[in-house]
Amino acid sequence: MPDRTTSRAILIGTSTYQDPRLPSLPAVANSLAGMRDILIDPGLCGWPEERVTVLQDPEDIRTFVPRLRELVETTPDVLFLYFAGHGIILPDGQLCLTLTDTNPSEADSTALTFHKVRQLLLGSPARVKAVVLDSCNSGRAVNTMADPSAGTTDIEGAYTLAASDGAAHVVPLAEQAGTATSFTRELIELVRTGVPGAPEWLTFGALYPHLQFRLLSSGLPRPRQGSTDTADRFPFTRNVAQYVGSQVIEQYGLAMTAAFASGQKRGLTETRLAQALFLSGEAVAGYLSGRRIAPVEVLHDFFDCLDEHGCGLDHAAQQRIMDLRDAADTAVAHDPREIAALQRVNREQEAEIRALRSAWERERTEHARATVEAEQELARLKGTVDEQGRQLSHAAGYTRALEAELTEIRREADEVSRELRVLRSQLTRLTDPPVASVPDEAAQSLTARLQAPAATRSTTSGTAVAAPFPVAAPAPRPAQPRYAARPQPKRTWKARLRIAARTGNTSAAVRSTAMLLSLLLLSAAVATFAAAYIQHFAYTRLASCTKDQISRADTTNCLTQQAGTATDRAVESDQDTSTYTVTFTTAGGKQETWNVGQAFHDGTPAGTHLTLNSYHGTIVTITHGTLAADLDDNTAFLSSEQMVAPFLLMGAVTIPLVLTGDRFFISVTIFLAPFTAVWSLIASFFIFSPWHPAHWTTTTTAVAHALIWALICVPPIAMAAAD
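Here we summarise the structure given alongside this text. As the structure is a computational prediction, the values presented were derived from the model and not from experiment.

### So, the sheet that holds strand β5 (residues 95-97)
What links the strands of a sheet is backbone hydrogen bonding, and the strands pair in either a parallel or an antiparallel sense.
Step number 1: Read across the sheet, three strands follow the order β4-β5-β6 without closing on themselves; strand pairing throughout is antiparallel. Each edge of the open sheet is held by one strand with a lone partner, namely β4 (87-89) and β6 (112-113).
Step number 2: Sheet analysis places β4 next to β5, joined by three bridges and oriented antiparallel. The residue of β5 that forms the bridge with Gly87 is Leu97.

Structure, rendered in structure tokens:
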């Protein structure tokens, strides 16, 4: 028997904890007593009583962990840790073993997490560390022990046996007073009955397949095991069934050896016997030594071979060997229930293979059809690309012709511009008043002669002649300009703007006023959008509320949390998109459903524990382990009015710029108006998350932006262009 004086067994049992929905488990006390009995039984496990420590219904994790650490660190040989009770899962997926005073809402600090158990095992000097867990969700411990990222591979010689991956079977409350828990009961019965045909000592690895068979045959959950190094070969208990079976097998082997010895005296060898029986030498040696049970037909042929060599056995001796053979075969035979269970598993696996083959055939057919459709689509796209290439070639030639024509038009426009400047200069000179000039002496003489009386004028021969009638001197006329300016009509403000737009002349005061008004409107637009944006994303920078803040009801600048369980999930698909939802049930039974992403939907099956973060009483985020989902329907997204208001101000910037009539401002407006429309549209898509088809506000906002831009910017630009 292995030395148990330097080993220790620690048995922990918790029948209840602070969860009113779960009843107490009286069967836990029976499980602890049953495990202690088989451990200290000299005919089974053989542990000294002082090396078995029972911790029933422990409480106060602050004192329990130091006591457990002391027991673990003072065990140099074999450490056996057994737990029976409730097992719960934290939101990050970690397994917790409950104590009597464990609070479900604070399980990470009031329960024994398996992370803490792993740290205790890392600090243990024991060469073999065996952990047996009889609780719900205990299978996660096997995954943790086998996860290299958790650092548990440093635990040498560790073996883990867990009752179930999910919920463990609970014995009816009325029956718990007289029995142990389901998993522990089957383990204890297996140790007490033994395994026929197995060695003298049963290891964890030898016990596991028979334990799994017993549990599955009884309709109980499938257990889990994990091992590092050779921990599964640790001799845990004596094989009670080995004593009876070994004696029968030994007698059968001696009888076969004695019968063959009589043949050896007549020259019969193993080689000749193998040739006569048409068997291999290894098989014949196994049959003759009794290590292998020979079939009945082989025994009859063996007896005939002895008769041929003159050393045949009488009928009584042959019958004795046949009886010993049947007894030995019975001693090593498997339980018929195990054979039936294996046959059932075989049938299930065959059905699964057929289903997988059928699915593979469907996938192959779908793949072939998809390949044909892809080739057809590729051919169609290739034809489309070729056609577009031809159209592009024609368009390139047409573009070159248009460029040549545009060059000629520009040349003619330059000539017209030069002629227009000449005509403007001539028009300016014509409209200017003439400069008054001093009359010369000839003009003065002519004027005097015209104003003199007719009697004093002489003829061309120099003789004075009397005028036939008196001539009056003409009255002097006031100096008139050569070309009189025409009176200008009174122009309206629209006419002045049209003239300013054609001539490109605008006063400095008008320009400054328009620019200042534009800057003020632009500043107001940016400030409005920034304020709404900051308000929208305020909660993303907040931390979770502390216990002190919750007790003071000061949750204005933090996120509160609550826990619950995912009870349902669904996928609603249409032609273009798929919507994923998760239904959450709180401790009070309240149910709510939210839209989540595909990754979160796939990672939270029914029964998953979730954590919700609330901001100002509104749930904004749900988390599970490393997965998180923003609840877009509950967050304070920017409204359509908050998005349209900045754009209205941005569009209003174009009004004073266009009304100034300055060519430079009109050019800026033609660039600024489309720019503001595109900027606002991009911001809308970013804020309203268009990848979620439920947000119809994106389409509404985009259409509103286009209409507003058309109403504000197009009429002024069209008017200026028409003038």
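### Here's the deal with the packing of aromatic side chains
Step number 1: Evaluation of the coordinates by the stated rule reveals six aromatic pairs.
Step number 2: One aromatic cluster is present, built from ring pairs that chain together Phe80, Tyr159, Phe204, Phe234 and Phe236.

### Let's talk about empty space enclosed by the protein
Step number 1: In total, this model carries six cavities of 30 Å³ or more according to the counting rule given.
Step number 2: There is about 80 Å³ of room inside the second largest cavity.
Step number 3: Contributing to the lining of the second largest cavity are Asp134, Ala163, Ser164, Ala168, His169, Ser182, Phe183, Leu215, Leu220 and Pro221.
Step number 4: Along the lines of polarity and charge, the residues of the lining of the second largest cavity split into six nonpolar, three polar and one charged.

### Remarks on the state of the cysteines
Cysteine pairs can be covalently joined through their sulfur atoms, and such a bond is termed a disulfide.
Step number 1: Throughout the structure, instances matching the rule amount to one disulfide.
Step number 2: Covalent S-S linkage joins Cys545 and Cys558, the inter-sulfur distance amounting to 1.9 Å. Linking Cys545 and Cys558, the disulfide has an S-S dihedral of approximately 90° and is accordingly described as right-handed. Highlighted residues: Cys545 in the loop between α16 (508-536) and α17 (547-551) and Cys558 in the loop between α17 and β12 (560-573), separated in sequence by 13 residues. Assigned by exposure class, Cys545 and Cys558 land together as buried.
Step number 3: The thiol of Cys305 is unpaired, and the distance to the nearest cysteine sulfur, on Cys311, comes to 7.9 Å.

### Topic: helix α4 (residues 114-122)
Step number 1: Listed as buried for α4 are Phe114, Val117, Arg118, Leu120 and Leu121. On an axial view of α4, the arc spanned by its buried residues comes to 160°, and they lie on one face.

### So, the pattern of salt bridges
Step number 1: Taken as a whole, this structure holds 15 salt bridges when the rule is applied.
Step number 2: Where Arg224 meets Asp165, a salt bridge forms, and the shortest distance between an N and an O atom there is 2.9 Å. In this pair, Arg224 is assigned in strand β10 (residues 224-227) and Asp165 in the loop between β8 (158-162) and α6 (182-193), connecting sequence segments 59 residues apart.
Step number 3: For Arg224, a relative accessible area of 23% puts it in the partly exposed group.
Step number 4: Note on Asp165: relative accessible area 40%, which makes it partly exposed.
Step number 5: In this structure, Glu361 and Arg364 form a salt bridge, with 2.6 Å as the shortest nitrogen-oxygen distance. Here Glu361 and its partner Arg364 are both found in helix α13 (residues 336-431), three residues apart, which amounts to about one turn of the helix.
Step number 6: Within the structure, one salt-bridge network assembled from shared partners comprises Arg185, Glu186, Glu189 and Arg214.

Reading the values: the criteria
Residues numbered from 1 in each chain as written. Predicted model: local features only at pLDDT ≥ 70, side-chain atom pairs only at ≥ 80, totals over all residues. Heavy atoms only, no water. Pairing = 2+ DSSP bridges. Helix = DSSP H or I, 4+ residues; strand = E, 2+ residues; numbered from the N terminus. Phe/Tyr/Trp six-rings, centres within 6.5 Å; stacked < 30°, edge-to-face > 60°. 1 Å grid on protein atoms, 1.4 Å probe; cavity = no way out; pocket = protein on both sides within 12 Å on 5 of 7 lines; lining within 4 Å. Points joined across faces, edges and corners; volume = space filled by probe spheres on them. Nonpolar A, V, L, I, M, F, W, Y, C, P; charged D, E, K, R; others polar. Disulfide = S-S within 2.5 Å. Buried < 20%, exposed > 50% of the residue type's maximum accessible area, 1.4 Å probe, protein only. Arc of directions from axis to C-beta. Salt bridge = Lys/Arg side-chain N within 4 Å of Asp/Glu carboxyl O.

No statement about biological role is implied by the geometric values presented.
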